[in-house]
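The residues making up each chain are set out below.
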Amino acid sequence: LLSVPVFGTMSLNLNTFRLSSGLQVLLRCGCPPITALRLLAPTMGNSHLRRQIASVVKGIAEEGQLISDAFSQSTNFPQTFSLLLASGEESGTVEEILEVLRDFYRERLEEQLEQVTALIEPMVLCFLGVTVGGLTLLFFLPMVKLVSNL
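Residues numbered from 1 in each chain as written. Predicted model: local features only at pLDDT ≥ 70, side-chain atom pairs only at ≥ 80, totals over all residues. Heavy atoms only, no water.

## So, the overall build of the protein chain
Working step 1: Each helix and strand in the protein chain was counted, giving six helices and zero strands.
Working step 2: The helix and strand sequence of the protein chain, counted from the amino end, reads α-α-α-α-α-α.
Working step 3: Its C-alpha atoms give the protein chain a radius of gyration of 24 Å, more than 25% over the compact-globule value 15 Å for 150 residues.
Working step 4: Expressed along its principal axes, the backbone C-alpha trace of the protein chain runs to roughly 90 × 25 × 25 Å.
Working step 5: For the protein chain, the residues scored as buried account for 34% of the 150 residues in total.
Working step 6: When contacts within the protein chain are restricted to residue pairs at least 6 apart in sequence, long-range pairs at least 24 apart make up 53% of them.
Working step 7: Accessible surface, the protein chain as shown: approximately 9,300 Å² in total, 65% of it carbon and sulfur.
Working step 8: Computed over 10 positive and 14 negative side-chain charges, the separation of the two mean positions in the protein chain equals 12 Å. (Helix = DSSP H or I, 4+ residues; strand = E, 2+ residues; numbered from the N terminus. Rg over C-alpha atoms; globule rule 2.2 N^0.38 Å. Buried < 20%, exposed > 50% of the residue type's maximum accessible area, 1.4 Å probe, protein only. Contact = heavy atoms within 4.5 Å. Areas by Shrake-Rupley, 256 points an atom, 1.4 Å probe, with all protein chains shown as cover. Lys, Arg positive; Asp, Glu negative; His and termini not counted. Charge placed at Lys NZ, Arg CZ, Asp CG, Glu CD.)

And the structure:
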């Protein structure tokens, strides 16, 4: 799904929103980052992203990487995510940066949903018009034949 042009980007933004939102809440509550990421991995709507989170956890737990470094090695998560996370780690404001990321990805997701809705709406209207027109024709055609036979 991540490789589909419009829906792949939407899926990635949705999962990044879920990750930043959940990570922000769990870290603010005092949950260790590794535990928080393990808890959030099943919430990813894509198996490839779940594997990426597992790789991030492995990098943090076994190799001692920073969260941002582990995410920067990930091939799917946006670079913006890891760069802002790195600045939060350096300044000690990871929770605040995650809140900013959450808001950013929520806004991007809302914009994309509006764009997709604007693209799909005319097609749905055309389909409904053709369907109603066809049903109307099917209803009146026997009446016209009946009247013409009289």
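Still more to cover.
## Section: helix α1 (residues 5-28)
Working step 1: Taking 1.5 Å per residue, 24 residues should reach 34 Å; α1 reaches 35 Å between its end C-alpha atoms and fits that length.
Working step 2: Immediately downstream of α1, the backbone of G30 shows phi near 95 degrees, a positive value. (Expected span 1.5 Å × (residues − 1).)

## Examining the environment of I120
Working step 1: Along the polypeptide, I120 turns up in helix α6 (residues 94-149).
Working step 2: Residues I120 and L137, 17 residues apart in the sequence, show an inter-C-alpha distance of 26 Å.

## A short note on the packing of helix α5 (residues 79-91) against α6
Working step 1: Where α5 contacts α6, the axes come no closer than 8 Å and their chain directions differ by 155 degrees. Judged on the interaxial angle alone, α6 and α5 are roughly antiparallel. Handedness of the crossing formed by α5 with α6: right-handed. Counting all contacts with α5, which are made through T80, F81, L84, L85, S87, G88 and E89, the residues of α6 involved are V94, I97, L98, L101 and Y105.
Working step 2: Along the lines of polarity and charge, the residues of the contact of α5 with α6 split into eight nonpolar, three polar and one charged. (Axes fitted to C-alpha atoms, helices over the stretch in contact; angles between N-to-C directions. Parallel < 35°, antiparallel > 145°, perpendicular 65-115°, else oblique. Left-handed = near helix turned anticlockwise from the far one by under 90°. Nonpolar A, V, L, I, M, F, W, Y, C, P; charged D, E, K, R; others polar.)

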